[in-house]
Amino acid sequence: MSRMGDVLAGLHAVWEFESDSVLIRYERGIRTPKLFQALGERRVPLEAIAGVSLTRGKRGTVVLRVEPRPGADPLLEAAAGQLKENVDPYRLVLPAEREVLAEYYADELRGLLTESGPADRFLVKAPEGPLSFKAYDGKATFDGRTVTFRWFWTGASSAKWKAGDQSFTVGELNGVEWRSPEVFEGHLRLLGRDAGVSGVQADQDPAAVVFGLGYGPVHESLPFAAAVLAAVRASSPVPAVPAGGPRRDPADIAERIRHLGELHQAGLVTDEEFSVKKAELLSEL
């Protein structure tokens, strides 16, 4: 970068370009997405960036975006492609009249990039703990070493009550499965090292908490999932299970699609929810 500390301010964020990284500071305001406010700021090392793009945005804007290398950011690994465009932490939206300036910074940044392809470790720092959030059926807490689920009598299934409150050290885990609370059957599931492919639904699994309307929102549950995933990777030299979780039994997928169809026909699931969830289930085959 031409000078240490060059700054580019856009909608909801300010990017500061340094010799070895891009420091992204997110605004705090009523219109700023809650995920950005929860993240506060993020330092993205240049070695974590695979590319830079500049495209036309909506309503007279341009969008500058850095493309992280696969596996470089625990937040994106946990999200597994489920983040909506407006809460992509790597997008900077600018007025169209600043396009020339944005192109200058994009070119400068491209000239400093030397890495590409998947990263062999997380290069972007995970959200710091302790972290906690309330799901529909319990409260999840993480102190940096142990994840604890404490069940709510108003939401937890009988299977979870029978199992009792749960605690998992990061050494027992091999990954995290996060399904956005904005989709049908959203949940956070902890994947054990010794566990095989599980067909148990999240509301019956003591290693999972389920989301619902107003419970486990993205800005609380996703940083939580990212922090746990980063701690698991740091504690284990063995390859971790991808954030999307293990492949499931085709028979279990077929049964869940059948059940989903019944809910759709009964009017309990919208057309959009049905299509999204069906596609999600098929992707797990």
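In the block above lies the structure referred to throughout.
Engineer: I would appreciate a short explanation of the side chain of Lys160 in the present structure.
Structural biologist: In this fold, Lys160 is placed in helix α4 (residues 158-163). Judged by relative accessible area, Lys160 falls into the buried class, the value being 0%. Only 2.7 Å separates the side chain of Lys160 from the backbone oxygen of Ala208, close enough to count as a polar contact. Residues within four places of Lys160 in sequence aside, it is in contact with Asp137, Trp151, Ala202, Asp203, Gln204, Asp205, Pro206, Ala208, Val209 and Val210.

Engineer: How should I be thinking about helix α3 (residues 99-110) in this particular structure?
Structural biologist: It helps to recall that an α-helix has 3.6 residues per turn; residues three or four apart then point in one direction. With 12 residues, α3 should cover 16 Å at 1.5 Å per step; its first-to-last C-alpha distance of 16 Å lies within 8% of that length. Buried residues of α3: Ala102, Tyr105, Ala106 and Leu109, and no others. Across the axial projection of α3, the buried residues extend over an arc of 105°, all falling on one side.

Engineer: Looking at this structure, how should I read the pairing of strand β8 (residues 131-134)?
Structural biologist: The side chains of a regular strand alternate between the sheet's two faces. Pairing between β8 and strand β9 (residues 138-142): 4 bridges, direction antiparallel. In the strand pairing of β9, Leu131 is matched with Phe142. Taking the residues between adjacent antiparallel strands as the criterion, β8 and β9 are bridged by 3 residues.

Engineer: For this particular structure, what's the right way to read the sheet that holds β9?
Structural biologist: The strands making up a sheet associate through hydrogen bonds between their backbones, and the pairing can be parallel or antiparallel. With respect to topology, 4 strands assemble into an open sheet ordered β8-β9-β10-β11, the strand pairing being antiparallel. A strand with exactly one partner marks an edge of an open sheet, and here the two such strands are β8 and β11 (166-169). Neighbour-to-neighbour, the strand axes of this sheet turn through a mean angle of 10°, independent of strand direction. Sheet strands in contact with helix α5 (residues 218-235) are β8, β9 and β10 (146-151), and its direction is about 140° off that of β8.

Engineer: What is the right way to look at the packing of aromatic side chains in this model?
Structural biologist: Where two aromatic rings form a pair, the distance of their centres and the angle of their planes describe that pair. Counted by the stated rule, this structure contains 10 aromatic pairs. Both rings, one in Tyr26 and one in Phe36, keep their centres 4.9 Å apart while their planes meet at 25°; by these two values the pair is stacked. Residue Tyr26 is found in strand β3 (residues 21-26), and its partner Phe36 is found in helix α1 (residues 34-39); the two are separated by 10 residues along the sequence. No difference in accessibility class separates Tyr26 from Phe36, as the two residues are buried.

Engineer: Could you clarify how one ought to interpret the nonpolar core in this entry?
Structural biologist: General note: in soluble globular proteins, nonpolar side chains tend to be found buried as a group. Counting residues in each nonpolar core, the largest one holds 67 residues, and the members touching the most others are Trp15, Leu64, Leu188, Leu222 and Val228. It is α5 that provides the largest number of residues to this core, a total of 11 residues. For Leu222, the residues in contact, after removing those within four places along its chain, are Leu35, Leu75, Ala78, Ala79, Leu83 and Trp178.

Engineer: What is the right way to read the pairing of β9 from this model?
Structural biologist: Of the two faces of β9, only one is covered, namely that formed by Gly138, Ala140 and Phe142; the face formed by Lys139 and Thr141 stays uncovered. Counting the residues that bridge the hairpin from β9 to β10 gives 3 residues, and of these Gly144 lies at a positive phi of roughly 100°.

Engineer: What exactly am I supposed to notice about α5 here?
Structural biologist: End to end, α5 covers 25 Å across 18 residues, agreeing with the expected 26 Å (1.5 Å per residue, within 8%). Counting buried positions along α5 yields 13 of 18 residues, so the element is predominantly enclosed.

About the thresholds
Residues numbered from 1 in each chain as written. Predicted model: local features only at pLDDT ≥ 70, side-chain atom pairs only at ≥ 80, totals over all residues. Heavy atoms only, no water. Helix = DSSP H or I, 4+ residues; strand = E, 2+ residues; numbered from the N terminus. Buried < 20%, exposed > 50% of the residue type's maximum accessible area, 1.4 Å probe, protein only. Polar contact = N/O pair within 3.5 Å; in protein donor to acceptor, adjacent residues only side chain to side chain. Contact = heavy atoms within 4.5 Å. Expected span 1.5 Å × (residues − 1). Arc of directions from axis to C-beta. Pairing = 2+ DSSP bridges. Axes fitted to C-alpha atoms, helices over the stretch in contact; angles between N-to-C directions. Phe/Tyr/Trp six-rings, centres within 6.5 Å; stacked < 30°, edge-to-face > 60°. Core = buried A, V, L, I, M, F, W, Y, C linked by side-chain atoms within 4.5 Å.

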